[in-house]
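The primary structure of each chain is shown beneath.
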Amino acid sequence: MEEFRRHAPDGGETAVDFEAFAYDQHPRLVASLTLYCGDRWVAEELAQEALVRVWERWDRVAAMVAPRSWLHRVSINLANSWWRRRQAERRAYRRIGVGDDPNEADSAEVHAVRAAVSRLPASQRGAVICRYFLEFSVAETAEALNLTPGSVKSATHRGLATLREQFDLSDPEEAHDVP
Amino acid sequence: MSRDVRRLLGNAAPEVRTLPDVAAIEQRARGRRYRRIAGVAVSASLVAAAVVVAGAAWLGQDSANGPVAVQPVPGPTQTTSPGPRPSETAPSPVPRPTETAPSPASADGWQRVDDPAVFGGPGLQAAAGAAAVGEAVVVVGVDAANAADGQVGPGVWLSDGPDRWHRLDASAIDTGGAEFEDADLWMRDVAVGDDGTLVGVGFANLDPDEQPLVWRSDDGGQTWSLVPVEASGSAAMEAVTWTDHGFVAVGRAAGPAVWTSTNGAQWTQHSLPAEGQLVDVAWDAGHDRVVAALVIGDSSQLWTGQPDQPSEWSPAELPPEVEVASVAMSSSGGYAAGVTRPDGADYDGILVASSDGLSWQADPRSEALGGRGDQLVGTVFISSDGRAVVAGDDDRTGRIWISPNPDTHFESVAEPLFPAESRVSTVIEGTHGLIAVGAAGADDVMIWQEVNQ
């Protein structure tokens, strides 16, 4: 929790507070959810909702050993719910005259990568993002995705293999493979 | 040249420079607490993703409450426990009657009761259900005073007269001891049997799972003991009613769930072959059946059938895009009330009516339940003199609408008595008139009551 403690002017640390946690986690949360969902605006809303749930349980979340894993677990659950309802949302887009992909300013490769990631099965998508974007350890990834460490390794391997079919990827360094 | 997957993902991820809107997060979370207390089916608990385009929000659904595949339970599961278990914190009566000073009556004959000493305190206090027991009124909900810091516990407030209220503390309400040490306990509704037995239902939020809870009181609500309730997997009770066949409680498990009990002590769980969750139940005495409100995403059904045979209940369709929050039946028919978003923007209240409990149509009086902003209708009640009472809030203050008969439009009542951020959870009838309960302001219980004219 150290990174979420606010530093007092005298160099000491104040207690962990929600605002500091939210400010610290928000950028990576939105970015990872964008990769997971393929949609920045949805990611912003999902991130907001995930932080609402953290706020509701802040006393307990703040006391957790790995609160960010809990946050990402909540956000991925929310994203999975969103995924299931994507068809309904597409109908909403059509009603208000907006295309499926509102992130028009992004480059072709960004679109291609996000599309490739979004086509991965949920467990593989979550494992790849947690391991190689959020830099989670296998254990943290397992906690965030509610998988066993073995399943995380397997999902990560399969996800990477699928991405390699489209992109020329080197073997990732496994410096963060702390069990 | 090959690249590292970290770089590939890092390039594809957006650079996020926006800061989280912490005030909005807090506001949404606080609003959700109120909604949950009010039992409004459109609550933010249904929000999973809101895709904001040109200012229009598109609501998704929470995975915990969303449609899930349901495996019908082949038959009822009898609870194995012979009866109430001894409480780890043996409840004892702690009567603390307090003369409360109600507000002056409004022009339309209502007054507010909001004594902070009885209805307030640190943390959340809010009323969710109520029942009249002779002259007495029992209000149930949540009271943070009956839980560890940062959590909520069951709340019970009693009245033995219009201006005499007191609250029960944890010594009078079984909170389950160590089993629920880290859980929020929610008492959501209460019903009284024909022998005076009171049953309060709710759930323990064990995060992420829920466990259904039943409290039973044999002394008019002075003390409450937890009763064992068997449930398969995560489950929660939302509403309870008394019928000629015993108690019927409804809620959610893997799908919509029903629990029945002849005495409030032994409970049998049933399920419906449907998706979604049951949010309310009412007894249709004239037809010897119950009517239960089912919410599936942003639509609803009303299921009817014999109280002790939920597997044979049948659904009645409602107008599309109606989320029912409450149902009430009388000898001459019934009403279901909730919200609708016909244009995808603000919520309007809506009332649907039935003469037989089987066929339901939108009630033309619903027009008065719309208006600027969200009109969040959460409960409907039929008084003994045939008035239809609809209540909830308009996202700013509580609202009560009353129609004296089917040919007369709803009128909003008691408006001067609703402070900011108030909301009405339920309405009942006491010996002195209608009583509305809910929450207001800084997380306090608030009660509104008709004044004898």
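Numbers given for residues are sequential positions, taken from 1 along each chain in its written order. The naming scheme follows written order: chains are lettered A onward, ligands numbered 1 onward. Totals for whole chains, interfaces and linings use all residues, but because this is a predicted model, local features are given only for residues with pLDDT of at least 70 and pairs of side-chain atoms are given and counted only at 80 or more. Hydrogens are left out, water is left out, and the side-chain values use all remaining heavy atoms of the structure.

1. A word on the overall build of chain A
- A tally of helices and strands in chain A yields nine helices and zero strands.
- Reading the helices (α) and strands (β) of chain A from amino to carboxyl end gives α-α-α-α-α-α-α-α-α.
- Burial here depends on accessible area, computed with a 1.4 Å probe over protein chains only, as a share of the maximum for the residue type. Under 20% is buried, over 50% is exposed, and the range in between is partly exposed. In chain A, which comprises 179 residues, the share counted as buried stands at 50%.
- Only heavy atoms matter for contacts: two residues are in contact if any of them lie within 4.5 Å across the pair. Taking all contacts inside chain A whose residues are at least 6 apart in sequence as the whole, residues at least 24 apart take part in 61%.
- Put simply, chain A shows about 8,200 Å² of open surface, and 50% of that area lies on carbon and sulfur atoms. A run of H or I in DSSP becomes a helix once it reaches four residues, and a run of E becomes a strand once it reaches two; helices and strands are each numbered from the N terminus. Computed with a 1.4 Å probe, the accessible areas rest on the Shrake-Rupley method; for each residue, only the protein chains presented here act as cover.

2. As for the confidence of the model for chain A
All names here are of chain A.
- As a per-residue measure, pLDDT reflects the predictor's confidence and takes values from 0 up to 100. Taken residue by residue, chain A gives an average pLDDT of 75. The fraction at 70 or more is 73%.
- Note that residues 1-15 has pLDDT below 50 and, in this model, 26 contacts with residues that lie over four places away or in other chains.
- Contacts of residues 175-179 to residues separated by more than four positions or lying in other chains number twelve contacts, the stretch itself having pLDDT below 50.

3. Concerning the pattern of salt bridges
- When a carboxyl oxygen of Asp or Glu is within 4 Å of a side-chain nitrogen of Lys or Arg, the pair counts as a salt bridge. Under the defined criterion, the tally for this structure stands at 21 salt bridges over all chains.
- Across the pair glutamate 135 of chain A and arginine 6 of chain B runs a salt bridge whose closest N-O atoms are separated by 3.3 Å. Of this pair, glutamate 135 of chain A sits in the loop between helix H7 (122-132) and helix H8 (138-145) while arginine 6 of chain B sits in helix H1 (residues 5-12), placing the two residues on different chains.
- The class for arginine 6 of chain B is buried, based on a relative accessible area of 15%.

4. Details of the nonpolar core
- Buried Ala, Val, Leu, Ile, Met, Phe, Trp, Tyr and Cys residues that are joined via side-chain atoms within 4.5 Å together make up what is termed a nonpolar core. Formed by 55 residues in total, the largest nonpolar core has its most connected members in Phe18, Val54, Phe133 and Leu163 of chain A together with Leu9 of chain B.
- For this core, the element with the most residues is helix H1 (residues 18-37) of chain A, which contributes ten residues.
- Dropping the residues within four chain positions of it, leucine 9 of chain B is found in contact with Leu35, Val117, Val128, Tyr132 and Phe133 of chain A.

5. Concerning the sheet that holds strand E20 (residues 322-330) of chain B
All names here are of chain B.
- An order of E20-E21-E22-E23 is seen for the four strands of this open sheet, with the pairing classed as antiparallel. Of all the strands in the sheet, the pair left with one neighbour each is E20 and strand E23 (361-362).
- Pairing between strand E22 (residues 348-354) and E23: two bridges, direction antiparallel. Residue pairing across strands places valine 352 opposite alanine 362, the latter belonging to E23. When DSSP finds two or more bridges between two strands, those strands count as paired.

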